[in-house]
Structures are given as structure tokens and as C-alpha cells.
Amino acid sequence: LENVELTELTFAQVAEKAGLGERTVYRHFPNKDALLDGWWRAHKAKLEQDQFPDTFEALQPFPLRAFPTFDSEAEVMRGAVLSPQGRAMTLARNADRKAAIRRAVVGELGPDVDDDTIQTVCASVQLLQSATAWLTMRDYWDLAGDQSGQIAQRAIRAIFDAARQGRL
């Protein structure tokens, strides 16, 4: 469903794209929120992000895998980033995402690192691996997903290196 904003998505469009009757789509998704939630879950599974990465080893390569996939669904991802529905889907899992990132950061930097450094690293990593970062690099820097994924990965490594050296 390229070039369709999430706010404008209709059951008829989904049915046509899937080769199904509109009533069949309604049988599986009783309303638009359920439809969008189903898409979001399928999208996360495609990215292998059913579970948020909670180790440094899983966190730092994530943009390399995710950002090219975002490119393949660019207009849907744009809707997920910019629409109220997309924001709601993202925020619905934000507590889980933050907890996983915190586990990765504390696991890598150790429990004795001060809270300000932990928060700085966590917030920075969440931003750098986000669809918002991907969209910004795509729209403002004309970067493809593989390029922006490499940049995000290098930035994540640099932030961890600076934190390890006490420079944050």
C-alpha cells in the first residue's frame, strides 16, 4: 500500500491489495485500530523486533538490519512516524523499549555508571535506532537505509565509547 498515509488507509484498499473481500478483512480486524495494530505486529516480526534488543551485541547492529527494511516500506514507515496512529503504536510499547535499552546500556557499561550517563546513553541510542532517525537521514540527507544504518551504528558505538571513557 505504497503512497497511502495511515490516516487515510481504508479497508477497501487493504482488501484490494490482499486480494480479499472487504468483509473478510473486517472479520479479522473489526476496526481501523485493530487493523493498524495487526500491521504493526507483522512489521515488527519482519524486522525480528518482536523482542527489543536488550544487549549491546543486539542493540548496536539493529539499524543495519532495520533501516534498509524501512526503505522497502518507505511510505508506510513515513505514515508510522508522522501520523497520530503511528505515534500511538510506538508509544504503546515505549516502556518495554526503554527497559530493554536500559538493560543493554547497564549490561555494557556496568551498574556503577551514574544515572545521568545511563539516561544520556539510553535516550541517544533510542533516537539513533528509531524510524525517526531513518526518516530524517532519508529526507534531509538523501541517504538510503543501508547508509543511514551504518551511520546510526557508528554513532551508537561512539556514544558507548565516550561513556566508557567518562566523556559524557
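We now turn to the structure provided with this report. (Residues numbered from 1 in each chain as written. Predicted model: local features only at pLDDT ≥ 70, side-chain atom pairs only at ≥ 80, totals over all residues. Heavy atoms only, no water.)

By the secondary structure assignment, Thr 117 is in helix α9 (residues 115–128). Leaving out residues up to four positions away in the same chain, Thr 117 has contacts with Ala 163 and Leu 168. (Helix = DSSP H or I, 4+ residues; strand = E, 2+ residues; numbered from the N terminus. Contact = heavy atoms within 4.5 Å.)

Once that is clear, we can look at the packing of aromatic side chains. Within this structure, the stated rule accounts for 4 aromatic pairs. With 4.7 Å between their ring centres and 65 degrees between their planes, Phe 56 and Phe 160 make a pair best called edge-to-face. Here the residue Phe 56 occupies a position in helix α4 (residues 56–59), and Phe 160 occupies one in helix α11 (residues 145–164), the gap between them amounting to 104 residues. Under the relative-accessibility criterion, Phe 56 is labelled buried at 14%. We classify Phe 160 as buried; its relative accessible area is 0%. Taken together, the ring pairs connect Phe 67, Phe 70 and Trp 134 into an aromatic cluster. (Phe/Tyr/Trp six-rings, centres within 6.5 Å; stacked < 30°, edge-to-face > 60°. Buried < 20%, exposed > 50% of the residue type's maximum accessible area, 1.4 Å probe, protein only.)

Let us now look at unusual backbone geometry. Phi is positive for Asp 142, close to 55 degrees, though the residue is something other than glycine. As for its position among the elements, Asp 142 is in the loop between α10 (131–141) and α11.

Here we take up the packing of helix α8 (residues 94–109) against α9. Running from N to C, α8 and α9 cross one another at 125 degrees; their axes reach a closest spacing of 9 Å. Comparing their axes, α9 and α8 come out oblique. Crossing angle aside, the handedness with which α8 passes α9 is right-handed. Counting all contacts with α8, which are made through Asn 94, Arg 97, Lys 98, Ile 101, Arg 102, Val 105, Val 106 and Leu 109, the residues of α9 involved are Ile 118, Val 121, Cys 122, Val 125 and Gln 126. (Axes fitted to C-alpha atoms, helices over the stretch in contact; angles between N-to-C directions. Parallel < 35°, antiparallel > 145°, perpendicular 65-115°, else oblique. Left-handed = near helix turned anticlockwise from the far one by under 90°.)

With that out of the way, let us pick up the nonpolar core. One finds Leu 59, Ile 101, Val 105, Leu 109, Val 121, Val 125 and Phe 160 to be the most contacted residues of the largest nonpolar core, which totals 15 residues. Elements represented by at least two residues in this core include exactly α4, α8, α9 and α11. No other element matches α9, which puts 5 residues into this core. Among all residues touching Leu 109, those that are not within four sequence positions of it are Val 121, Phe 160, Ala 163 and Arg 164. (Core = buried A, V, L, I, M, F, W, Y, C linked by side-chain atoms within 4.5 Å.)

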